[in-house]
Amino acid sequence: MCDEHKVGGLWEDHERLKKYEKLFAEAFPGQTALDILHRTPPHAKR
Amino acid sequence: MPKDKYFIDGCILLGTVIPDKHTRACRSFISRIQNDIFIGYISPFVTGEMFNSILYVDDKPPHQKYELLHAIVDIIITTKLNNFVPLNNDMNVYSELRKADNRISESDLMHIICAKILDIPLVTTDTMILDSRELKKHVETIYPGDV
């Protein structure tokens, strides 16, 4: 696993937390966690 | 002494990295799960809801979706959560809970059902769930700052 893709120990790794905050802020500007989760996903064809 | 157990809505996990008025409460609650003070449960419905919210965004390039999905996996693994998978006939409480509050989305109802099956509180920041008097008759719902 490369350094850019660490897994585990996130809450003690402030740099990685900041990186994720930036990632979500850039992807979903101005949106909250509930806004992101509550978008209606497309339904699979039956 | 037995540890308290909680079922965790996806908004708590995402709330740890998406700063808003709930972030402090979400991080404090999640850190107590990670530090083995509480036992935390999610289900495939929780991971599915989070993954779908990234996978089905139309205007994001694949590499950006990959980074966001990796962040979610990191949060799940870091937090040391238990994955609850309902067994045969567990979901027979669906109709009872759907009748209790028909405003709740299907994905949120699945979290409520899992908490009901496990007989543990659901932790969420979703005010529609937290304010539902009818749901409270079936499942305890708690804001993370109140745990």
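Reading the values: rules and limits
- Residues numbered from 1 in each chain as written.
- Chains lettered and ligands numbered in written order.
- Predicted model: local features only at pLDDT ≥ 70, side-chain atom pairs only at ≥ 80, totals over all residues.
- Helix = DSSP H or I, 4+ residues; strand = E, 2+ residues; numbered from the N terminus.
- Buried ≥ 20, exposed ≤ 12 C-beta atoms within 10 Å, placed from the backbone.
- Rg over C-alpha atoms; globule rule 2.2 N^0.38 Å.
- Contact = placed C-beta atoms within 7 Å.
- Pairing = 2+ DSSP bridges.
- Nonpolar A, V, L, I, M, F, W, Y, C, P; charged D, E, K, R; others polar.
- Expected span 1.5 Å × (residues − 1).
- Axes fitted to C-alpha atoms, helices over the stretch in contact; angles between N-to-C directions.
- Parallel < 35°, antiparallel > 145°, perpendicular 65-115°, else oblique.
- Left-handed = near helix turned anticlockwise from the far one by under 90°.
- Core = buried A, V, L, I, M, F, W, Y, C linked by C-beta atoms within 7 Å.

Draft legend 1. Local environment of the overall build of chain A. Within chain A one finds 2 helices and 0 strands. Residue burial in chain A is summarised as follows: out of 46 residues, 17% are buried.

Draft legend 2. View of the overall build of chain B. Looking only at helices and strands, one finds 8 helices and 5 strands in chain B. For 147 residues, the compact-globule estimate of 2.2 N^0.38 gives 15 Å, and the C-alpha radius of gyration of chain B, at 15 Å, lies within 12% of that figure. Principal-axis analysis of the C-alpha atoms gives chain B an extent of 45 × 40 × 30 Å. Going through the 147 residues of chain B one by one, you find that 39% of them count as buried. Counting only contacts in chain B whose residues sit at least 6 apart along the sequence, the fraction spanning at least 24 positions is 67%.

Draft legend 3. Looking closely at the pairing of strand 1 (residues 5-8) of chain B. Where strand 1 of chain B and strand 2 (residues 39-42) of chain B come together, 3 bridges link them in parallel fashion. Bridging from a neighbouring strand, B:Lys5 pairs with B:Ile39 of strand 2 of chain B.

Draft legend 4. Structural view of the interface of chain B and chain A. Chain B puts 29 residues into the contact, and the matching count from chain A is 21 residues. Broken down by secondary-structure element, the contributors of at least two residues to the side of chain B that touches chain A are helix 1 (10-15), helix 2 (23-34), helix 3 (44-55) and helix 4 (62-79) of chain B. Here the side of chain B that touches chain A gets 10 residues from one element, more than from any other, and that element is helix 4 of chain B. Per-class residue counts for the side of chain B that touches chain A are 12 nonpolar, 11 polar and 6 charged.

Draft legend 5. Geometry of the sheet that holds strand 5 (residues 141-142) of chain B. Residues and elements named next belong to chain B. Taken in spatial order, the 5 strands make up an open sheet running 3-2-1-4-5, and their pairing is parallel. Each edge of the open sheet is held by one strand with a lone partner, namely strand 3 (82-83) and strand 5. In the sheet, strand 2 pairs with strand 3 via 2 bridges, with the strands oriented parallel. Looking across to strand 3, one finds that Ile 42 is bridged to Asn 83.

Draft legend 6. Main features of helix 6 (residues 106-118) of chain B. Compared with an ideal rise of 1.5 Å per residue, which puts 13 residues at 18 Å, helix 6 of chain B spans 18 Å between its outermost C-alpha atoms and is within 8% of the ideal. Positioned one or two residues after helix 6 of chain B, B:Asp119 has a phi angle of 60 degrees, which is positive.

Draft legend 7. View of the packing of helix 3 of chain B against helix 4 of chain B. All names here are of chain B. Following both chains from N to C, one finds helix 3 and helix 4 inclined at 160 degrees, their axes separated by 9 Å at the closest point. In terms of their interaxial angle, helix 3 and helix 4 are classed as roughly antiparallel. The handedness of the crossing between helix 3 and helix 4 comes out as right-handed. Contact with helix 3, carried on its side by Thr 47, Met 50, Phe 51, Ile 54 and Leu 55, involves Lys 65, Leu 68, Leu 69, Ile 72 and Ile 76 of helix 4 and no other residues of that element. Here the contact of helix 3 with helix 4 is built from residues that sort into 8 nonpolar, 1 polar and 1 charged.

Draft legend 8. Main features of the nonpolar core. Within the largest apolar cluster, 43 residues are counted, with the highest numbers of intra-cluster contacts made by B:Phe7, B:Ile8, B:Ile12 and B:Leu14. Of all the elements, helix 6 of chain B adds the most residues to this core, at 5 residues. Residues within four places of B:Leu14 in sequence aside, it is in contact with A:Ala33, A:Ile36, A:Leu37 and B:Met50.

Draft legend 9. Representation of the environment of B:Lys65 in the model. Residue and element names in this part refer to chain B. One can find Lys 65 in helix 4. When the C-alpha atoms of Lys 65 and Thr 127 are compared, they prove to be 28 Å apart, with 62 residues separating the residues in sequence. If we skip the residues at most four places from it in the chain, Lys 65 touches Ile 54, Leu 55 and Lys 60.

Draft legend 10. Inspection of the environment of A:Ala27 at higher detail. Assignment of secondary structure puts A:Ala27 in helix 1 (residues 14-27). Setting aside residues up to four positions removed in sequence, A:Ala27 forms contacts with B:Lys60, B:Gln64 and B:Leu68.

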